[in-house]
Amino acid sequence: VGALGVVMANTDTLMLGWFMAAEAVGFYSAALRPVQLFYFLPAILSVSVFPVLSRLAGTNPAQFRKIFETVLLSTFCVSLPILAGGLALSREVIQFLFGSAYLGATTAFIILLFTVITNFPASPLVNGIFAHGKQKYYAIALGLGALGNVALNFILIPIYGIAGAAIGTLVAQALSYGFMWCVMERIAPFTLFRRLPRILFSALCMAFAVWGMKVFGLHILIIMP
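Residues numbered from 1 in each chain as written. Predicted model: local features only at pLDDT ≥ 70, side-chain atom pairs only at ≥ 80, totals over all residues. Heavy atoms only, no water.

### Quick word on the state of the cysteines
Between two cysteines, a covalent bond joining their sulfur atoms is known as a disulfide.
Working step 1: If you walk through the whole model with that rule in mind, you get zero disulfides.
Working step 2: For the unlinked cysteine Cys205, the closest cysteine sulfur is that of Cys77, found at 14 Å.
Working step 3: For Cys205, a relative accessible area of 38% gives the class partly exposed. (Disulfide = S-S within 2.5 Å. Buried < 20%, exposed > 50% of the residue type's maximum accessible area, 1.4 Å probe, protein only.)

### Things to note about the packing of aromatic side chains
Working step 1: Taken as a whole, this structure holds nine aromatic pairs when the rule is applied.
Working step 2: Here Phe19 and Phe154 contribute two aromatic rings whose centre-to-centre distance is 5.8 Å and whose plane-to-plane angle is 90°, an arrangement assigned as edge-to-face. One end of the pair, Phe19, is in helix 1 (residues 2–19); the other, Phe154, is in helix 9 (residues 135–160), and 135 residues separate them in sequence.
Working step 3: With centroids separated by 5.8 Å and ring planes inclined at 5°, the aromatic side chains of Phe64 and Phe68 adopt a geometry described as stacked. With Phe64 and Phe68 both in helix 4 (residues 61–88) and four residues apart, this pair spans about one turn of that helix.
Working step 4: Classification of Phe64 by relative accessible area gives buried; the value is 2%.
Working step 5: Members of the aromatic cluster, connected to one another through ring pairs, are Phe64, Phe68, Phe76, Trp181 and Phe190. (Phe/Tyr/Trp six-rings, centres within 6.5 Å; stacked < 30°, edge-to-face > 60°. Helix = DSSP H or I, 4+ residues; strand = E, 2+ residues; numbered from the N terminus.)

### Let's talk about helix 6 (residues 106–113)
Working step 1: Across the eight residues of helix 6, six count as buried, placing the element largely inside the fold.
Working step 2: Buried residues of helix 6: Thr106, Ala108, Phe109, Ile111, Leu112 and Leu113, and no others.
Working step 3: Summarising the contacts, the buried residues of helix 6 are in contact with helix 2 (22–38), helix 4, helix 5 (90–98), helix 7 (115–119) and helix 10 (162–187). (Contact = heavy atoms within 4.5 Å.)

This is the structure in structure tokens:
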């Protein structure tokens, strides 16, 4: 599992180095690093809740489902605003962090921002699977993602460059974590989507406010908080 995780994390940069010049690798790394920083947030939350899920998995399915749904929903409470705000400020974020010379990374950054929607729910899904002793499904999911990422990179990078690498990562994560979602629904059925519209509506309102502040010329350090 650890080896497959390394493959998932580093395939894009390695294969970009095969197909394209060093400049493309630099642009992609600039697009990827800010997004990867967000990946730690759901991991911290999930680690703190895992002992409770592990205790309830075999003794109190109803309480397990309640806590699991709450944790899973909380990942969308964070990831949807990150996505909405990041899309509204994508160009400004790249320029602020790396300078105007790296604006070529903006398109890849926009695509990679969508991985927060696939990556954030993954941590509680993994913990739920582990709590029920079904670790083999996690290995299968990472295998699907790693192989899918390699295959998609071979197809997309020569055509679309760093945008192709970003699309490959997004699709591979969706395949891997979508598999885990289906497995978890079979192990311990849960319901979530009926509670998402309010979060989505709030995120859209926030994105509109961010866009308005950007139009009025406010600095990104004022807008982002």
